[in-house]
Amino acid sequence: MSYKGKFRVWRGDSEGGELKDYEVEVNEGEVVLDVIHRLQATQTPDMAVRWNCKAGKCGSCSAEINGMPKLMCMCRMNTFEEDEVVTVTPMRTFPVIKDLVTDVSFNYQKAREIPAFKPPADVKPGEYRMQQVDVERSQEFRKCIECFLCQDTCHVIRDHEENKESFSGPRFLMRIAELDMHPLDAADRQHAAQEQHGLGFCNITKCCTEVCPEHIKITDNALIPMKERVADRKYDPLVWLGNKIRRRPA
Amino acid sequence: MTELERHSYDVVVIGAGGAGLRAAIEAREQGKRTAIICKSLFGKAHTVMAEGGAAAAMGNVNSKDNWQVHFGDTMRGGKFLNNWRMAELHAQEAPDRVWELETYGALFDRTPDGRISQRNFGGHTYPRLAHVGDRTGLELIRTLQQKIVSLQQEDFEATGDYEANLKVYAECTITELMKDGEAVSGAFGYWRESGRFILFDAPAVILATGGVGKSFKVTSNSWEYTGDGHALAMRAGATLINMEFIQFHPTGMVWPPSVKGILVTESVRGDGGVLKNSEGKRFMFEYVPDVFRAQYADTEEEADRWYKDADNNRRPPELLPRDEVARAINSEVKAGRGTPHGGVFLDVSTRLPAEEITRRLPSMHHQFKELADVDITKEPMEVGPTCHYVMGGVEVDPDTASSVVPGLFAAGEVAGGMHGSNRLGGNSLSDLLVFGRRAGMGASTYVDSLQERPKIDEADVDTAATEALAPFELEGGENPYSIHQELQQSMNDLVGIIRKEEEMEQALGRLAEFRGRIAKMTVEGHRQFNPGWHLALDLRNMLTVSECVAKAALLRQESRGGHTRDDFPGMNAEWRKKLLVCKLESDGSVDVTEEQQIPMRPDLLELFELDELSKYLTEEELPAK
Ligand SMILES: Cc1cc2nc3c(=O)[nH]c(=O)nc-3n(C[C@H](O)[C@H](O)[C@H](O)COP(=O)(O)OP(=O)(O)OC[C@H]3O[C@@H](n4cnc5c(N)ncnc54)[C@H](O)[C@@H]3O)c2cc1C
Ligand code: SF4
Ligand code: SF4
Ligand code: FES
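Since the structure is predicted, the reported quantities are computational estimates derived from the model, not experimental observations. (Residues numbered from 1 in each chain as written. Chains lettered and ligands numbered in written order. Predicted model: local features only at pLDDT ≥ 70, side-chain atom pairs only at ≥ 80, totals over all residues. Heavy atoms only, no water.)

## Comments concerning the pairing of strand β5 (residues 85–89) of chain A
Residues and elements named next belong to chain A. Most of β5 is tucked away: four of the five residues are buried. Taken together, the four bridges between strand β1 (residues 3–13) and β5 define a ladder with parallel strand orientation. Counterpart to K6 in the pairing with β5 is V85. (Buried < 20%, exposed > 50% of the residue type's maximum accessible area, 1.4 Å probe, protein only. Helix = DSSP H or I, 4+ residues; strand = E, 2+ residues; numbered from the N terminus. Pairing = 2+ DSSP bridges.)

Have a look at this one:
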């Protein structure tokens with residue numbers, strides 16, 4: 001069940017680079033990351049790639065496969081034809097360091113700008129009481145493995161370096177929503193979402209939701225409800241549209 | 001003098017998993033300027049992969065639970081070889097450490113009355129694992145990561161600099177510890193991205209580097225688990241204990257080959273999943289050892305009743321400690337009753353409704369569907385043992401986490417003693433929190449007690465730099481990937497689940513041969529993000545650690561927990577009293593010596609029935625009755 005697969009991988013660094021072609025063995029049941037590892041072990045020992053868990057849990061191995069933002073460890077080779085060329089490139093929204101490895105520090109900066117969970121002043125450790133239904137909303141967002149694929153995809157920053165300053169991206173707008181929906185968080189979040197983190201830039205295209213490997217409904221469950229809460233104070237036609245227009249079921 | 005980037009801290013924590021982050025939080029809260037160093041990005045450490053939960057006797061689901069019962073289970077699970085003081089501290093402090101996470105923002109699954117829900121797991125008498133579905137490790141690491149960020153935000157408020165007192169150096173690998181005489185004075189390493197060297201000048205270093213599984217072929221562990229901390233500690237003069245004890249988790253994926261070893265959480269069994277052989281038989285009933293007969297059911301009916309009424313029934317044998325289940329699966333496969341791909345069946349599809357499975361085990365459902373085309377709500381999984389956890393590690397003082405080297409501390413999987421010969425599921429995540437915090441306190445107290453700051457010797461820095469660059473020097477040598485593959489195969493085949501004297505001797509012969517070969521490796525390319533070079537440097541550590549495992553395993557002539565000798569099948573009470581201590585000789589070889597265990601405190605001994613104690617302890621050790 002083994003065949004010679006055709007791979008085209010971006011090789012280079014911050015100075016520049018190019019797509020290089022490789023022929024490499026592919027075996028039954030393998031994922032793209034397995035094939036990249038085989039390239040490393042047999043042809044290109046210095047090819048840079050990030051990975052850890054190989055099971056879709058750590059969010060390290062993000063890249064673009066035939067142009068689609070994906071986790072390499074969860075992309076099965078049997079989703080391609082045997083003679084199809086599989087092109088693997090680094091995430092486009094972030095500056096390249098080397099080969100498939102990009103500089104994702106933008107995300108860590110944004111994370112730092114969101115005020116942390118503010119524990120309720122009068123509840124002691126061990127005395128937190130919350131109902132499952134109430135924690136579930138935030139729990140959905142806490143499934144995030146920080147692969148940053150949604151950040152990579154979002155058109156607000158994908159080809160607009162200039163927006164990075166004022167827009168935190170779906171992952172971090174969702175973090176604000178998560179804190180906002182935390183049953184015991186004592187801080188006010190909605191203003192900051194709009195004013196400092198650029199919620200207004202989002203025009204609910206749902207591209208982020210489509211690429212999320214954790215299948216988190218980023219737009220429907222985090223961003224739109226946040227917009228609605230903000231819109232309690234301000235009228236935002238997009239929210240209104242988002243609620244009225246039925247979208248293609250996922 | 002080597003040109004490099006230099007930083008000065010009070011405490012340097014190597015590792016950003018649960019143990020390292022909790023240690024760093026403590027050190028920073030004790031007012032110490034702290035650095036966290038890790039090989040991967042921040043938030044990607046191995047802890048993120050933990051699934052089942054964190055064990056803490058909060059008594060939320062069964063109010064009979066308390067630290068004494070948890071302590072007893074932990075000692076039993078480790079076959080009484082555990083450092084009892086660590087097991088005691090762990091059982092006592094775990095609930096506070098879990099509750100504290102809620103104040104950092106963690107959101108655990110809840111009981112109907114709004115407390116933290118707890119689930120059953122192998123070897124735990126009561127439902128004890130705080131959890132979030134089957135992604136508890138992710139919750140733990142994200143929560144600690146976010147707590148670090150919140151401390152940085154406090155520092156920003158106060159100083160205008162997020163990183164004034166607490167900084168994360170991600171994708172940075174430490175290759176050597178620095179010493180001033182006997183005491184630690186810092187750490188030397190390189191940035192993975194640029195390949196440039198970096199030096200940390202610090203009077204206290206906390207190792208929180210995790211485990212060693214990458215020395216084995218079939219493993220649930222990631223590339224990070226090359227035993228760096230174990231080897232760094234030894235090179236700095238510290239000792240390792242219990243290295244012969246490696247936990248093979250009974251349920252790893254076996255098919256397809258590329259995912260072989262990836263973990264299938266024990267929660268599958270905790271929530272009702274059963275193990276069957278190719279004849280459809282629930283074989284675990286045949287494998288209940290004498291020491292556990294009293295606690296485990298002998299019929300399927302009783303085992304099934306237990307899930308509903310745990311007080312009046314005994315537990316299903318699928319929930320025996322991991323070493324027992326792994327050996328049983330191994331025997332079934334050897335006896336020809338395995339599945340097509342050489343495992344056994346783990347079935348939850350006939351045990352729970354589909355919605356229940358996807359709610360309780362979402363990531364298992366996802367993992368099998370995506371990676372193996374198996375829908376676990378409809379069909380059984382195929383599973384087999386996988387190298388999962390190393391019980392052995394740096395010998396530490398239980399209260400302060402200090403090693404025998406002044407200024408060197410260790411916590412988490414890299415520390416030894418707490419779990420004895422076998423770790424119970426869920427006891428690692430709680431271990432990280434309890435001893436991570438203690439290491440942070442221990443290091444802070446140590447720093448306060450110093451009259452003078454230990455200094456870095458520039459000659460040592462030059463040596464560390466030369467050694468790190470050595471693989472670039474040679475041309476035409478072997479490639480590190482092939483040596484690594486051979487090492488993994490040897491450890492798997494010769495020092496695996498079932499061990500024999502001749503095989504271990506053979507393994508030691510091969511390890512000596514690998515040592516010669518790694519001295520002559522060649523890496524291609526340049527220093528910038530070069531995985532071949534990184535692996536070449538890690539191999540040195542893997543070899544040292546493998547040598548510890550093989551040598552200690554050869555010496556211990558009994559079977560206990562994660563060490564099974566074909567030629568010495570029984571447990572031996574005389575051996576229980578002994579620890580095997582590994583130390584590095586000046587020529588780089590590993591020396592193993594015996595050390596006597598400290599007898600358990602009488603008030604702790606009293607927590608067990610005499611009957612049970614007599615299965616583990618020698619005549620003289622038993623309390624007079
Ligand atoms: C799939 C899986 C599931 C598990 N499920 C559970 C569970 O449900 N419950 C439970 O209790 N336990 C579980 N465990 C075990 C538990 O997850 C680990 O034992 C634990 O997370 C180890 O944590 P740690 O903090 O010691 O190290 P890790 O989280 O592994 O962190 C090690 C850190 O050290 C860094 N590091 C290593 N070497 C160097 C170096 N040379 N220089 C710089 N940095 C370095 C790494 O980059 C990393 O940041 C599971 C393990 C696996 C593999
Ligand atoms: S829905 Fe909003 S955040 Fe998501 S991709 Fe579209 S614009 Fe970006
Ligand atoms: S929300 Fe989804 S896509 Fe975005 S970082 Fe998290 S896991 Fe990745
Ligand atoms: S390697 Fe962890 S998500 Fe792919």
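Next comes the rest of the write-up.
## Description of the nonpolar core
F7(A), V32(A), M72(A) and L408(B) are the most contacted members of the largest nonpolar core, which totals 259 residues. For F7(A), the contacting residues outside a window of four places in its chain are K20(A), D21(A), Y22(A), V24(A), V32(A), V35(A), M77(A), V86(A) and V88(A). Grouped together as the second largest cluster of nonpolar side chains are seven residues, L81(B), F245(B), Y389(B) and V581(B) included. (Core = buried A, V, L, I, M, F, W, Y, C linked by side-chain atoms within 4.5 Å. Contact = heavy atoms within 4.5 Å.)

## Quick notes on the sheet that holds strand β15 (residues 344–347) of chain B
Residue and element names in this part refer to chain B. Judged by pairing direction, the sheet is antiparallel, and its four strands sit side by side in the order β13-β16-β15-β14 without closing on themselves. The outermost strands of the open sheet, each flanked by one partner alone, are β13 (246–253) and β14 (274–276). Along the sheet, successive strands turn relative to each other by an average axial angle of 45°, direction set aside. Summarising the sheet, β15 and strand β16 (residues 381–390) pair through three bridges and their orientation is antiparallel. Bridging across to β16, L346 finds its partner in M381. (Axes fitted to C-alpha atoms, helices over the stretch in contact; angles between N-to-C directions.)

## Some words on the sheet that holds strand β6 (residues 129–130) of chain B
Residues and elements named next belong to chain B. Taken in spatial order, the three strands make up an open sheet running β4-β6-β5, and their pairing is antiparallel. Two strands close off the open sheet at either side, each with one partner strand: β4 (54–55) and β5 (118–119). The sheet contact formed by β5 and β6 spans two bridges and is antiparallel. Bridging from a neighbouring strand, R119 pairs with L129 of β6.

## A few points about the domain arrangement of chain A
Residue and element names in this part refer to chain A. Looking at the assigned domains, one finds that chain A contains domain 1 (3–101) and domain 2 (105–245). Placing the centre of domain 1 and that of domain 2 at their C-alpha centroids yields a distance of 30 Å. Between domain 1 and domain 2, the residue contacts involve 14 residues of the former and 17 residues of the latter. Roughly 1,200 Å² is buried in total at the junction of domain 1 and domain 2, and carbon and sulfur atoms are behind 53% of that figure. The shortest N-O distance in the salt bridge between R158 and E64 comes to 2.8 Å. There are six residue pairs in polar contact (both at pLDDT 80 or more) connecting domain 1 and domain 2. Of all elements in the fold, only β3 (62–65) and β4 (68–71) reach the threshold of two or more residues within the side of domain 1 that touches domain 2. Taken together, the residues of the side of domain 1 that touches domain 2 sort by class into six nonpolar, four polar and four charged. (Domains from an automatic or database assignment. Buried area = accessible area lost by both parts, 1.4 Å probe. Salt bridge = Lys/Arg side-chain N within 4 Å of Asp/Glu carboxyl O. Polar contact = N/O pair within 3.5 Å; in protein donor to acceptor, adjacent residues only side chain to side chain. Nonpolar A, V, L, I, M, F, W, Y, C, P; charged D, E, K, R; others polar.)

## Some thoughts on the site of ligand 2
Residues and elements named next belong to chain A. Close to ligand 2 lie C154, H155, P170, C202, N203, I204, T205, K206, C207, C208, T219 and L223, which account for all nearby residues. When residues of the shell around ligand 2 are traced back to their parent elements, those giving at least two are α8 (207–211) and α9 (218–231). Across the shell around ligand 2, the residue classes break down as seven nonpolar, four polar and one charged. (Near = heavy atom within 4 Å.)

## Here we look at the pattern of salt bridges
All names here are of chain B. Within the structure shown, the criterion is met by 85 salt bridges over all chains. Among the ionic pairs, R28 bridges to E154, the shortest N-O distance being 3.4 Å. Of this pair, R28 sits in helix α1 (residues 18–29) while E154 is found in helix α4 (residues 136–159), placing the two residues 126 residues apart along the sequence. Exposure remark for R28: the relative accessible area of 12% places this residue in the buried category. The partner of D323 in a salt bridge is R327, and the shortest N-O contact between them spans 3.5 Å. Note that D323 and R327 are positioned in helix α8 (residues 322–334) at a spacing of four residues, about one turn of the helix. Given a relative accessible area of 5%, D323 falls into the buried group. Via salt bridges that share partners, R85, E88, E93, D399, R437, R438, R601 and D603 belong to a single interconnected network.

## A few points about the packing of helix α13 (residues 480–494) of chain B against helix α15 (residues 531–555) of chain B
Working note: a packed helix pair is described by the angle between its axes plus the distance between those axes. Residue and element names in this part refer to chain B. Here α13 crosses α15 at 25°, and the two axes come no closer than 9 Å. Here α15 runs roughly parallel to α13, going by the angle between their axes. Like other packed secondary-structure pairs, α13 and α15 cross with a definite hand, here left-handed. The residues of α15 that touch α13, namely those facing P480, Y481, I483, H484, L487 and M491, are P531, G532, L535, A536, L539, M542, L543, S546 and V549. Of the residues belonging to the contact of α13 with α15, the class tally is twelve nonpolar, three polar and no charged. (Parallel < 35°, antiparallel > 145°, perpendicular 65-115°, else oblique. Left-handed = near helix turned anticlockwise from the far one by under 90°.)

## Focus on the site of ligand 1
Residues and elements named next belong to chain B. The environment of ligand 1 is formed by 40 residues, the closest being T47, G52, E224, Y225 and D228. G52 places a main-chain nitrogen or oxygen 2.7 Å from an oxygen atom of ligand 1. Contact with the protein chains hides 98% of the accessible area of ligand 1, taken as 1,000 Å² for the molecule alone. At the level of elements, α1, β3 (34–38), β8 (172–180), β16 and α11 (427–449) are the ones that each hand at least two residues to the shell around ligand 1. Examining the composition of the shell around ligand 1, we find that four residues originate from one element, α11, more than from any other. For the shell around ligand 1, the class distribution of residues is 16 nonpolar, 18 polar and six charged. (Areas by Shrake-Rupley, 256 points an atom, 1.4 Å probe, with all protein chains shown as cover.)

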